[in-house]
Amino acid sequence: MERALIERIIEHYLNPERAWMFGTEVIRAMAEFMGEPTAPMPPHASPYFADWFLFDFRFTDGQIPLIRYRGLNPHSLGEEELALLDEIAAHNRFDFFQVKKLHRKYFDADSVRSGDRFRIEEKPETSINLGDIVVTRLARMGGAWRIVSLDTLGMPNPSARDLARMQNAFPVLDPRLVFQEIVAPEMADTEVSVDELEGGMAHVIGGTGHLDDGCPVCVLMRQAEKDGRKPMAEELIRTMDEANRKNKRPE
């Protein structure tokens, strides 16, 4: 029920039929997520954009979409579901999580950056091993921590050096950074086509909008492709660190 509620909220905002209500804000969010106003939104960006939009993007009034939805309550949710949204909004974390214990129906993982431990009430994937890193968003729902990201990035067998970088090099870490600097370069050879919908919304049916703009990860991916190899996790962490410093805004 909890995950279905999150998906229902995302659909409420991103359904093209409601472009007349949210189109301007969603288009602004897409431009901010992609890094430029005209970049199309590729299909593999959707789960990262949905996560970032719901929890990190701010409407012009300063509210995040999750809080706006809770206040307007357009689907006339009951008190139990509204209380659940309050809990999710107050207790969620997007981070590097290192798997510490595996159980049949749940697993324990530590936030690499803070050291906080979370018992994640999800059946662990068979590909997850002790010590692996998962990059995802957790939210507390009914007192239990669950994964609410629509897509989770895995990093197996991190070195001590990688862990040190994860712990210290990312004062800002969100789904937008993960998509732009890790996911998009991996998909950079896919073609793009876009259908315009009523109200200025765009339905992307293929491809990637990431541009090779000279960012550190772009340079790494280009060189790795030239060398006929895949970049190592340590290289990705190091270059992601460089991109994070490059893109950090002064306060």
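Cut-offs applied
- Residues numbered from 1 in each chain as written.
- Predicted model: local features only at pLDDT ≥ 70, side-chain atom pairs only at ≥ 80, totals over all residues.
- Heavy atoms only, no water.
- Helix = DSSP H or I, 4+ residues; strand = E, 2+ residues; numbered from the N terminus.
- Contact = heavy atoms within 4.5 Å.
- Phe/Tyr/Trp six-rings, centres within 6.5 Å; stacked < 30°, edge-to-face > 60°.
- Buried < 20%, exposed > 50% of the residue type's maximum accessible area, 1.4 Å probe, protein only.
- Pairing = 2+ DSSP bridges.
- Arc of directions from axis to C-beta.
- Salt bridge = Lys/Arg side-chain N within 4 Å of Asp/Glu carboxyl O.
- Core = buried A, V, L, I, M, F, W, Y, C linked by side-chain atoms within 4.5 Å.
- Domains from an automatic or database assignment.
- Axes fitted to C-alpha atoms, helices over the stretch in contact; angles between N-to-C directions.
- Parallel < 35°, antiparallel > 145°, perpendicular 65-115°, else oblique.
- Left-handed = near helix turned anticlockwise from the far one by under 90°.

What about unusual backbone geometry?
Now for step 1: Unlike most non-glycine residues, Ser76 shows phi in positive territory, near 55 degrees.
Now for step 2: Here Ser76 shows up in the loop between α4 (65-72) and α5 (79-90).
Now for step 3: One non-glycine residue, Asn157, lies in positive phi territory at about 50 degrees.
Now for step 4: Positionally, Asn157 belongs in the loop between β6 (153-155) and α6 (160-168).

Quick notes on the environment of Lys100
Now for step 1: Position of Lys100 among the secondary structure elements: in strand β1 (residues 92-102).
Now for step 2: Considered as a pair, Lys100 and Ile133 are 33 residues apart in the sequence and their alpha carbons are 9.8 Å apart.
Now for step 3: Ignoring any residue separated from it by four or fewer positions in sequence, one finds Lys100 in contact with Asp108, Ala109, Asp110, Arg117 and Leu130.

As for the packing of aromatic side chains
Now for step 1: Taken as a whole, this structure holds 15 aromatic pairs when the rule is applied.
Now for step 2: Between Phe33 and Phe179 the ring centres are 5.4 Å apart and the planes differ by 25 degrees, which places this aromatic pair in the stacked class. Of this pair, Phe33 sits in helix α2 (residues 19-34) while Phe179 sits in helix α7 (residues 175-186); the two residues are 146 residues apart in sequence, bridging distant segments of the chain. For the pair Phe33 and Phe179, one class covers both residues: buried.

Concerning the pairing of strand β3 (residues 117-120)
Now for step 1: Of the two faces of β3, the one holding Phe118 and Ile120 is buried and the one holding Arg117 and Arg119 is not buried anywhere.
Now for step 2: For strand β2 (residues 107-111) and β3, the ladder comprises four bridges, and the chain directions are antiparallel. From the neighbouring strand, Ala109 faces β3, where its bridge partner is Phe118.
Now for step 3: Turn length for the β2-β3 hairpin, with the two strands adjacent in sequence and antiparallel, is five residues, and the turn residue Gly115 shows positive phi of about 85 degrees.

A short note on α6
The periodicity of an α-helix, 3.6 residues per turn, causes residues three or four places apart in sequence to face the same way.
Now for step 1: Buried residues of α6: Asp162, Arg165 and Met166, and no others. Looking straight down α6, one finds its buried side chains confined to an arc of 100 degrees; they lie on one side. Facing away from the buried side of α6, by more than 90 degrees, are the exposed residues Ala160 and Asn168.

A closer look at the pairing of strand β5 (residues 144-147)
Now for step 1: One ladder, built from four bridges, connects strand β4 (residues 133-141) with β5; its direction is antiparallel. The residue of β5 that forms the bridge with Leu138 is Ile147.
Now for step 2: Hairpin connection between β4 and β5: a loop of two residues separates the two successive antiparallel strands, and Gly142 in this loop has a positive phi of roughly 60 degrees.

Quick look at the pattern of salt bridges
Now for step 1: Applying the stated rule across the entire model yields 14 salt bridges.
Now for step 2: Residue Arg68 is joined to Asp61 by a salt bridge in which the shortest nitrogen-to-oxygen separation is 2.9 Å.
Now for step 3: Overall, the relative accessible area of 45% leaves Asp61 in the partly exposed class.
Now for step 4: Here Arg119 makes a salt bridge to Asp108, at a shortest N to O gap of 2.9 Å. In this pair, Arg119 sits in strand β3 while Asp108 sits in strand β2, placing the two residues eleven residues apart along the sequence.

Focus on the nonpolar core
Now for step 1: Core analysis: the largest hydrophobic core is formed by 51 residues, its most contacted members being Phe33, Phe53 and Phe96.
Now for step 2: Split by domain, this core shows at least three residues from each of two domains, domain 1 (1-89) and domain 2 (91-189).
Now for step 3: Aside from chain neighbours lying at most four places away, what touches Phe33 is Met41, Ala45, Tyr48, Phe49, Trp52, Pro175, Arg176, Phe179 and Gln180.
Now for step 4: Judged by nonpolar contacts, the second largest core, of eleven residues, contains Val99, Phe118, Leu138 and Ile147.

Quick look at the packing of α4 against α5
Packed helix pairs are characterised by how far apart their axes lie and by the angle those axes make with each other.
Now for step 1: One way to put it is that α4 packs onto α5 with a least axis distance of 10 Å and a crossing angle of 160 degrees. By the angle between their axes, α4 is roughly antiparallel relative to α5. The crossing of α4 and α5 is left-handed. Residue-level contacts link Leu66, Ile67, Tyr69 and Arg70 of α4 to Leu82, Leu85, Asp86, Ile88 and Ala89 of α5.

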